[in-house]
Amino acid sequence: MDTKRFLVNGKWIASDVELPIYAPYDKRQVGAAFQANTAYIEEAISGSLMAFREAGKLLAEDRQRILQSVSDGIRENHERFSRLIAEEAGKPLKAARVETERAIFTFALAAQEAMRVRDESIALDVQPGIEKRKGTVRRFPAGVVTAITPFNFPLNLVAHKVAPAIACGCPVILKPAPQTPLTALALAELIQEAGLPAGHLQVLPLRNEDTAPLIEDDRIKVLSFTGSAAVGWELKSRARKKRVLLELGGNAAVIIHNDADIGHAATRCAAGGFSYAGQSCISVQRILVERRVYSDFLSELLLKVKALRSGDPLDESTDVGPLIRQADAIRVKAWIDEAIAEGAKALCGGERNGPMVEPTVLTNTKPAQKVNREEIFGPVVTVEPYDSFESALVMANDSKYGLQAGVFTADRGRIDLAFQQLEVGGVIVNEVPTFRADQMPYGGVKDSGLGREGVKYAMEEMTERKILVR
């Protein structure tokens, strides 16, 4: 099999080190990529700065055309991208196809946003002596962007950093996750074929230990990172004067009140908790159910969870695949066992086989246990009762994270109360917090992050306001 080269200043580079990529499910090699080193970082930064100085020559219509061409290219290679995601990330093929569809939309949306001019007029004639002055505020690209992406959405989370950067005229240096560089490199090929000038996109499959210059160099103006909270906040402390955008972890809560459609809530919680083996920062983790419907909900949920099929991600019928590394499966199993040893009860699942963890439903857990307190990032949910909606809000907020929360109720007053009081970046009504539309502002509070993604909102993070006074 061919080894994928990496992209620096429009050239595809073969280094002295090859990084083999293995399928998480069965450890067979699915590809390889040449690994970049620190010598290439300086080349990438210098080339990106040169591209930024020439960015004015890349008109909005050029950026629109390039982005739409990339969207079309992903569509034409839909199955290729989907299988690549399934192979290197271990994501079930049907979920990988959904990710590919979303990436098509993300680039198409960025193409539209590239053509939108959002000048803001400021009234200056409200003070004596400047009655004839007018102000115009416009956003300009901030400069070179470092984009660091995780393994779990190797196409669409790359799209959510690269597409907005192209749309607003910022060169971007992409460091994909070590486990999943192949999808990012395949996307870079499409972007180059679409006509993006050299230096506007660099792709460096680096070891995490070699990434420091992309974090600390003051010539880079924006750092956009998606990953764990511990790593994200540590990177922010080293980023110096940069604008920092962090999309971090969560242990998402769902509140299910007695007036909800219990069957619908159970179906959505099964999907939101166990899709891609729970390896999403907005996977359902903590389910809070009003006591009067607690037993009915549990019965419905267990039926749905036990019907999920675990196995090979390339099998069309698979719902739950492996964790990205066996070490993660071992950790998840240890957290389950620790909770059970302290009095929790596993209503289903709880076992591990290699990188596979059975879909697990726990009850009788305690807030301080890791299965509730930390981000489990595995196929595990906890289900506990509550007595009042207000107490459920308190329970949901009892977390260092605050990314998204789901609320199932028919009562508008409760919805408004949840919107006001839940300490999260997004409240999703009659749906699980795993819901994300690619055009919406997406991000969290507390340890869950800083800033917002979603193409238009990411463009705002990557640009600076400037005022013209006439």
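Structure: above.
Residues numbered from 1 in each chain as written. Predicted model: local features only at pLDDT ≥ 70, side-chain atom pairs only at ≥ 80, totals over all residues. Heavy atoms only, no water.

## Topic: the sheet that holds strand S21 (residues 404-408)
Selection criterion: Each pair of strands is called paired provided DSSP finds at least two bridges between the two strands. Working definition: helices are DSSP H or I runs of at least four residues, strands are E runs of at least two. Numbering for both runs from the N terminus. Note on geometry: axes are C-alpha line fits, over the in-contact stretch for helices, and angles between N-to-C directions span 0 to 180 degrees. What makes two residues a contact is simply this: any of their non-hydrogen atoms within 4.5 Å.
Ordered by their spatial adjacency, 7 strands build an open sheet running S15-S18-S19-S14-S13-S21-S22, and the pairing between neighbours is mixed. Because the sheet does not close on itself, it has two edges, and the strands there are strand S15 (345-348) and strand S22 (426-429). Between one strand and the next, the sheet's axes are offset by a mean angle of 25°, whatever the strand orientation. Sheet topology note: the S21/S22 ladder contains 4 bridges and is parallel. Across the sheet, residue Gly406 finds its bridge partner in S22, namely Ile428. Packing against the sheet, helix H9 (residues 262-274) makes contact with strand S13 (253-256), strand S14 (286-290), strand S18 (360-363), strand S19 (380-386) and S21, and its axis sits at approximately 170° to S13.

## Thoughts on unusual backbone geometry
Phi is mostly negative for residues that are not glycine, and the peptide bonds are mostly trans. This is how it is decided: Burial status follows relative accessibility: with a 1.4 Å probe on protein chains alone, a residue under 20% of its type maximum counts as buried, one over 50% as exposed, and anything between as partly exposed.
One non-glycine residue, Asn9, lies in positive phi territory at about 50°. Its location among the elements puts Asn9 in the loop between strand S2 (6-8) and strand S3 (11-13). The phi dihedral of Arg240 is positive, around 60°, even though this residue is not glycine. Within the secondary structure layout, Arg240 lies in the loop between helix H8 (229-238) and strand S12 (243-247). Residue classification places Arg240 among the exposed positions, given a relative accessible area of 56%.

## Here we look at the environment of Ser299
Its location among the elements puts Ser299 in helix H10 (residues 294-306). Judged by relative accessible area, Ser299 falls into the partly exposed class, the value being 47%. For the pair Ser299 and Glu216, spaced 83 residues apart in the sequence, the C-alpha separation amounts to 52 Å.

## Some points on the packing of helix H2 (residues 60-76) against helix H6 (residues 181-193)
Just so we agree on the cut-off: Convention used here: angles under 35 degrees read as roughly parallel, angles over 145 as roughly antiparallel, angles from 65 to 115 as roughly perpendicular, and any remaining angle as oblique. Left-handed describes a crossing whose near helix is turned anticlockwise from the far helix by less than a right angle; the clockwise case is right-handed. In this classification, Asp, Glu, Lys and Arg are treated as charged, Ala, Val, Leu, Ile, Met, Phe, Trp, Tyr, Cys and Pro as nonpolar, and every other residue, Gly included, as polar.
Two elements in contact, H2 and H6, have axes separated by 9 Å at closest approach and are oriented at 130°. Comparing their axes, H6 and H2 come out oblique. As for how H2 packs across H6, the hand of that crossing is right-handed. For the pair formed by H2 and H6, the contact residues are Val70, Gly73 and Ile74 on the first element and Leu187, Leu190 and Ile191 on the second. When its residues are assigned to classes, the contact of H2 with H6 shows 5 nonpolar, 1 polar and no charged.

## Topic: the sheet that holds strand S7 (residues 134-141)
With antiparallel pairing, the 3 strands of this open sheet are ordered in space as S6-S7-S25. Only two strands of the sheet have a single neighbouring strand rather than two, namely strand S6 (120-123) and strand S25 (463-469). Taken over all neighbouring pairs, the strand axes of this sheet differ in orientation by 30° on average, direction set aside.

## So, a nonpolar patch on the surface
Going by this rule: Residues enter a patch when their relative accessible area is above 30% and they make no salt bridge; the linking distance is 9 Å between like charges and 5 Å between nonpolar side chains (Val, Leu, Ile, Met, Phe, Trp, Tyr). The protein chains shown are the only cover counted for residues, whose accessible areas, like all others here, come from Shrake-Rupley with a 1.4 Å probe. Just to be clear on terms, a salt bridge is a Lys or Arg side-chain nitrogen sitting within 4 Å of an Asp or Glu carboxyl oxygen.
A cluster of nonpolar side chains, contributed by Ile122, Ile467 and Val469, occupies part of the molecular surface with about 230 Å² of accessible area. Among the secondary structure elements, Ile467 is positioned in strand S25. Residue classification places Ile467 among the partly exposed residues on the basis of a relative accessible area of 47%.

## Focus on H8
What sets the pattern is the α-helix's 3.6 residues per turn: residues three or four places apart point alike. Stated formally: When we speak of the arc, we mean the arc of directions from the helix axis to the C-beta atoms.
All buried positions along H8 are accounted for by Ala229, Gly232 and Leu235. Down the axis of H8, the smallest arc covering the buried residues is 130°, so these residues share one side. H8 presents Ala230 and Ser237 as exposed residues on the side facing more than 90 degrees away from its buried surface. Buried residues along H8 sit against strand S8 (144-148), helix H7 (212-216), strand S11 (220-226), S12 and strand S20 (401-402).

## Topic: the nonpolar core
Note the following rule: Only buried residues count toward a nonpolar core. Its members are Ala, Val, Leu, Ile, Met, Phe, Trp, Tyr and Cys residues joined through side-chain atoms within 4.5 Å.
By size, the foremost hydrophobic cluster in this structure holds 77 residues, and its most contacted members are Ile74, Leu201 and Leu204. With 9 residues, the top contributor of residues to this core is helix H4 (residues 93-114). Here Leu201 is in contact with Leu7, Val162, Val172, Leu174, Ala188, Ile191 and Leu196, once residues within four sequence places are set aside. Membership of the second largest hydrophobic core comes to 39 residues, among which are Ala277, Val361, Val371 and Val380.

None of this, on its own, says anything about what the molecule does.
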